Amino acid sequence: MTFHSRQHVVEQRLKAWLSGDPNGVRRAALSLFLQHGDLTIEDVYERLAPVYPVSYHGVGGMIGLISSRIGILQGIRDDKRRCRSYRLREKDRASVREIMTT
């Protein structure tokens, strides 16, 4: 798969995933990854929970889906905190930013 065909698939999946976001929590989660570097599930949950009706496990599922199915998050093992951190893949950052502004 070439870079451009991968990018097209990622953009289509991301647009479809965002289209099913009635309350904006998915966009808010992606915004966090655009604004901050590495985030754990706990970090994302703590930032979303005061504003959106989310559960810790729901946030974990959302991050897992973004990471595995859409493929724009990279998981990094954080030995110090004994958990996994996630970050937006550098090659997808521009596409995500563009889709988020539309």
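You'll find the structure just up there.
Residues numbered from 1 in each chain as written. Predicted model: local features only at pLDDT ≥ 70, side-chain atom pairs only at ≥ 80, totals over all residues. Heavy atoms only, no water.

Would you explain the overall build of the protein chain in this entry?
Summing up its helical and strand segments, the protein chain has five helices and three strands in all. In sequence order, the protein chain lays out its α and β elements as α-α-β-α-α-β-β-α. Here the C-alpha atoms of the protein chain give a radius of gyration of 13 Å, agreeing with the 13 Å that 2.2 N^0.38 yields for 102 residues. For the protein chain, buried positions account for 37% of its 102 residues. (Helix = DSSP H or I, 4+ residues; strand = E, 2+ residues; numbered from the N terminus. Rg over C-alpha atoms; globule rule 2.2 N^0.38 Å. Buried < 20%, exposed > 50% of the residue type's maximum accessible area, 1.4 Å probe, protein only.)

Can you walk me through the packing of helix H3 (residues 41–48) against helix H4 (residues 56–70) in this structure?
At their nearest, the axes of H3 and H4 sit 9 Å apart, and the two run at 120° to each other. In terms of orientation, H3 and H4 fall into the oblique class. Seen from above, H3 lies across H4 with right-handed handedness. Mapping the contact onto sequence places Ile 41, Glu 42, Val 44, Tyr 45 and Leu 48 in H3 and Tyr 56, Val 59, Gly 60, Met 62 and Ile 63 in H4. (Axes fitted to C-alpha atoms, helices over the stretch in contact; angles between N-to-C directions. Parallel < 35°, antiparallel > 145°, perpendicular 65-115°, else oblique. Left-handed = near helix turned anticlockwise from the far one by under 90°. Contact = heavy atoms within 4.5 Å.)

When you look at the pattern of salt bridges in this model, what are you seeing that I'm missing?
Side chains carrying opposite charge are able to pair once their charged atoms draw close together. Evaluation of the coordinates by the stated rule reveals three salt bridges. As a salt-bridge pair, Asp 38 and Arg 87 come within 2.7 Å of each other at their nearest N and O atoms. With a gap of 49 residues between them, Asp 38 in the loop between helix H2 (25–35) and strand S1 (39–40) and Arg 87 in strand S3 (residues 83–88) connect regions that are remote in the sequence. Residue Asp 38 is classed as partly exposed on the basis of its relative accessible area, which comes to 39%. (Salt bridge = Lys/Arg side-chain N within 4 Å of Asp/Glu carboxyl O.)

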